[in-house]
Number of protein chains: 2
Amino acid sequence: MIILSGGTGSPKLIDGLRQLIPDKEITVIVNTGEDIWSSEVFVSPDVDTVLYLFAGILDKTKWWSIVGDTYNTYNQMKELGQNEILMLGDRDRAVNLVRTHLMKNGQTLTEATAALVKGFEIQANIIPMSDDFITSVIETPAGKIHFQEFWVSQKGEPEILSFEYEGIENAKLSPAVIEALSREEHVIIGPSNPMTSIGPILALPEMKEILKTKKVIAISPIIGNAAVSGPAGKLMAAKGLEVSSKGVAELYKDFIDIFVYDIRDDVIDPAEIEAMGIQAVALDTMMTDEEKRADLAKEILKLFEMDFETVL
Amino acid sequence: MIILSGGTGSPKLIDGLRQLIPDKEITVIVNTGEDIWSSEVFVSPDVDTVLYLFAGILDKTKWWSIVGDTYNTYNQMKELGQNEILMLGDRDRAVNLVRTHLMKNGQTLTEATAALVKGFEIQANIIPMSDDFITSVIETPAGKIHFQEFWVSQKGEPEILSFEYEGIENAKLSPAVIEALSREEHVIIGPSNPMTSIGPILALPEMKEILKTKKVIAISPIIGNAAVSGPAGKLMAAKGLEVSSKGVAELYKDFIDIFVYDIRDDVIDPAEIEAMGIQAVALDTMMTDEEKRADLAKEILKLFEMDFETVL
């Protein structure tokens, strides 16, 4: 089982899957398109979220950062007049420092992630999408800024003129991603932002072609005309895309088999999805508690005609 | 009033001076010969100790680090299998991050230190000895290691074959040091390690020549045949120097006027010091509490024929 993941929505679905199948059966290909150097460390926000989820230390009120982390370094820097773009907790900073040291000693992001997976005694296979540095840059009326600055520091407020994945033109899927895809048939595209989370993974050469050979289920992160969380809507609109599940399905139509939208969605016309040659399935995608996360995961396994319930 | 300072002994004396004269009358020229890159930040251990002293946050049980600091990043890194050479506290790390950012943005160590002085609302003038990177390297039977690794990680245990200040041959006194020395007549050489703390300051071009034109009082960090604290004795012995106050006086004899040794010293022969053309004065240099630190400072001001007691 492979899941393509960004932050928030996809980790929630992974949290559901973990209640049904053993961690070692789960491979997560993680977006690195929001990676950023901050305070001398290389931060890979989505990789960290997935690591903390499997390590059992993710703050599930925010779906990022380490539960109970302190901010003593951040606060002291602020007192001295320096605001970090990313508000790194003290333990979170340690993880990013370890990654940075390993990478400065010649390891790839994939190898450094594997070391962290081992350090946290995680059984799942967590693979960054690429070992090449890709980052999302947003053009606003005040100039170009990193996606994290747009979303975290500026609270997603600036108008978006355009955005791009810097570095994508020379980036490749990592060998570990290609290897994982070669031995798994089932791929879930998690309900993460199709622009900044899933978009960079799909933008890598070969990815769409490989997905065409797999059984792929995508879960829409949009209900009606708004994203469940995050800036997906604003970014889709900036790209001239319809902010709706149909808009998401159009992005994915060439390589997915099943498209899952929310039962509350009163804008979507399933016939339009089916007309793209895709099976449209309405499910409860608002994963507001553990049980609902497991329920959605269970329905997705059923769509794959898998039933792992007996495994645990 | 200028004091040349390293760690421990000199900050204790500064703590005494602060009880007698206003901070703004104190200029500290700080050793940077133990500076080191650690965990992606530029650490200047003696500068930090002096900063924390004046900021009122120095841990006076250890005479380094911030009182009550936490070690959440350090501990998380250790859990993930990475031991830092320097055990940086979380607030301490913030100070080093701010310094590193400023320096990466083109500021000199002197300018970055001035920014920290301002950030901590310190009135004293704290000046690193040089803006050039100098670091102390110790040659042991197992190879060359940084002084901090010798002293902190390896607890000062390895045999010392030799040691050197790397980078000193191309280093200069900072313009701020030269400027401060041009307008002050009284210089104290604090009771810090004459090898790793005072040695690098004196090794900079012009420094000894400038000191010859000043009224200079040096305080010995050695009592009998042992250092009050730290590895001074071992390092002096490695250089073939007599581990005694006389050995220290010989290092300083060309440019000091008064040499202060401890009243407990039963090895020193004051006549031998006087024979070098230096006034030898016995004082209680074991600054074990606030009052004793002020007492020693008072005696030194008297030797300068200054009496600042009325200032406060």
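Parameters at a glance
- Residues numbered from 1 in each chain as written.
- Chains lettered and ligands numbered in written order.
- Predicted model: local features only at pLDDT ≥ 70, side-chain atom pairs only at ≥ 80, totals over all residues.
- Heavy atoms only, no water.
- 1 Å grid on protein atoms, 1.4 Å probe; cavity = no way out; pocket = protein on both sides within 12 Å on 5 of 7 lines; lining within 4 Å.
- Points joined across faces, edges and corners; volume = space filled by probe spheres on them.
- Helix = DSSP H or I, 4+ residues; strand = E, 2+ residues; numbered from the N terminus.
- Buried < 20%, exposed > 50% of the residue type's maximum accessible area, 1.4 Å probe, protein only.
- Pairing = 2+ DSSP bridges.
- Axes fitted to C-alpha atoms, helices over the stretch in contact; angles between N-to-C directions.
- Parallel < 35°, antiparallel > 145°, perpendicular 65-115°, else oblique.
- Left-handed = near helix turned anticlockwise from the far one by under 90°.
- Contact = heavy atoms within 4.5 Å.
- Nonpolar A, V, L, I, M, F, W, Y, C, P; charged D, E, K, R; others polar.
- Least-squares fit on C-alpha atoms with pLDDT ≥ 70 in both.
- Polar contact = N/O pair within 3.5 Å; in protein donor to acceptor, adjacent residues only side chain to side chain.

What should I look at first to understand empty space enclosed by the protein in this one?
A water-sized probe, rolled over the atoms, reveals where empty space remains. In the structure shown here, the tally under the stated rule is two cavities of 30 Å³ or more. As a volume, the largest cavity reaches approximately 60 Å³. Surrounding the largest cavity, Ser39, Glu40, Val41, Arg93 and Leu97 of chain A together with Ser39, Glu40, Val41, Arg93 and Leu97 of chain B form its lining. The set of elements that each furnish at least two residues to the lining of the largest cavity consists of α4 (90–104) of chain A together with α4 (90–104) of chain B.

Where do I start with the pairing of strand β10 (residues 215–219) of chain A in this structure?
Residues in a regular strand project their side chains so that they alternate between the two faces of the sheet. Residue and element names in this part refer to chain A. Where burial is concerned, most of β10 is hidden: four out of the five residues are buried. Bridging between strand β9 (residues 186–189) and β10 involves four bridges; their strand directions are parallel. In the sheet register, Ile188 faces β10, and the bridge partner there is Ile217. Of the strand pairs in this sheet, β10 and strand β13 (residues 258–262) are connected by three bridges, and their pairing is parallel. The residue bridging Ile219 from the neighbouring strand is Val260, located in β13.

What exactly am I supposed to notice about the packing of helix α3 (residues 72–79) of chain A against α4 of chain B here?
One can describe the packing of α3 of chain A onto α4 of chain B by two numbers: an axis separation of 8 Å at closest approach and a directional angle of 50°. On the basis of the axis angle, α3 of chain A is oblique to α4 of chain B. Our pair here, α3 of chain A against α4 of chain B, has a crossing hand that is right-handed. Along the contact surface, α3 of chain A presents Asn72, Thr73, Gln76 and Met77 of chain A, while α4 of chain B presents Asp90, Arg91, Arg93, Ala94, Val95, Leu97, Val98 and His101 of chain B. Looking at the contact of α3 of chain A with α4 of chain B residue by residue, the classes come out as five nonpolar, four polar and three charged.

Any chance you could explain the sheet that holds strand β8 (residues 162–166) of chain B here in plain terms?
Neighbouring strands of a sheet are bound in pairs by backbone hydrogen bonds; such pairs are parallel or else antiparallel. Residues and elements named next belong to chain B. Ordered in space as β7-β6-β8, the three strands form an open sheet in which the pairing is antiparallel. Whereas interior strands pair on both sides, the edge strands pair on one side only; in this sheet they are β7 (143–146) and β8. Here the strands of the sheet are splayed against their neighbours by 25° on average, with no regard to which way each runs. Judged from the four bridges that link them, strand β6 (residues 135–140) and β7 form a sheet pairing that is antiparallel. Counterpart to Thr140 in the pairing with β7 is Gly143.

Hey, could you run me through the relation of the copies chain A and chain B in this one?
Both copies of the chain are placed relative to one another by a rotation about an axis and a shift along it. Least-squares fitting of chain A to chain B yields an RMSD of 0.0 Å, with the superposition described by an axial translation of 0.0 Å and a rotation of 180°. Here the copies are linked by what is in effect a two-fold axis. Across chain A, the smallest distance between a C-alpha and the rotation axis is recorded for Glu40 of chain A, namely 3.0 Å.

I tried to follow unusual backbone geometry on my own but got confused; where do I start?
Negative phi characterises most residues that are not glycine, and trans characterises most peptide bonds. All names here are of chain A. Phi is positive for Trp63, close to 65°, though the residue is something other than glycine. Residue placement: Trp63 occurs in the loop between α2 (45–55) and α3. A positive phi angle is found at Lys155, which is not glycine, with a value near 55°. For Lys155, the location among the structural elements is in the loop between α6 (147–153) and β8 (162–166). On the basis of relative accessibility, which here comes to 59%, the residue Lys155 falls in the exposed class.

Teacher, can you tell me more about the side chain of Lys214 of chain B here?
All names here are of chain B. Positionally, Lys214 belongs in the loop between α9 (207–212) and β10 (215–219). Classification of Lys214 as buried rests on a relative accessible area of 9%. Separated by 2.5 Å, the side chain of Lys214 and the backbone oxygen of Leu181 make a polar contact. Here Glu184 takes part through its backbone oxygen, which lies 3.0 Å from a polar atom of the side chain of Lys214. Contact partners of Lys214, with chain neighbours within four places excluded, come to Leu181, Ser182, Glu184, Glu185, Val187 and Asp257.

Honestly, the pairing of strand β13 (residues 258–262) of chain B in this entry has me stumped. Any pointers?
Residues and elements named next belong to chain B. Of all five residues in β13, five are buried; the element is thus mostly enclosed. Residues Ile258, Val260 and Asp262 line one face of β13 and the alternating positions Phe259 and Tyr261 line the opposite face, and both faces are buried. Judged from the five bridges that link them, β13 and strand β14 (residues 279–283) form a sheet pairing that is parallel. Bridge pairing in β14 links Tyr261 to Ala282.

I keep staring at helix α11 (residues 245–252) of chain A and nothing clicks. Help me out?
Note: α-helices contain 3.6 residues per turn, so residues at a spacing of three or four share the same orientation. Those residues of α11 of chain A that fall on the buried side of the exposure criterion are Ser245, Gly247, Val248, Ala249 and Tyr252 of chain A. Capping of α11 of chain A at its N-terminal end is provided by Ser244 of chain A; its side-chain oxygen lies 3.3 Å from the backbone amide nitrogen of Lys246 of chain A.

Would you mind showing me how to read the packing of helix α1 (residues 9–18) of chain A against helix α13 (residues 290–303) of chain A here?
Helices that pack against each other are described as a pair by the angle of their axes relative to one another and the distance between those axes. Residues and elements named next belong to chain A. Close contact between α1 and α13 brings their axes to 7 Å; oriented N to C, the two are set at 80°. By the angle class used here, α1 and α13 are roughly perpendicular. Between α1 and α13, the contacting residues are Lys12, Leu13, Asp15, Gly16 and Leu17 on the first element and Glu290, Arg293, Ala294, Leu296, Ala297, Ile300 and Leu301 on the second. For the contact of α1 with α13, the per-class residue count stands at seven nonpolar, one polar and four charged.

The quantities given are spatial measurements derived from coordinates; they are silent on function.
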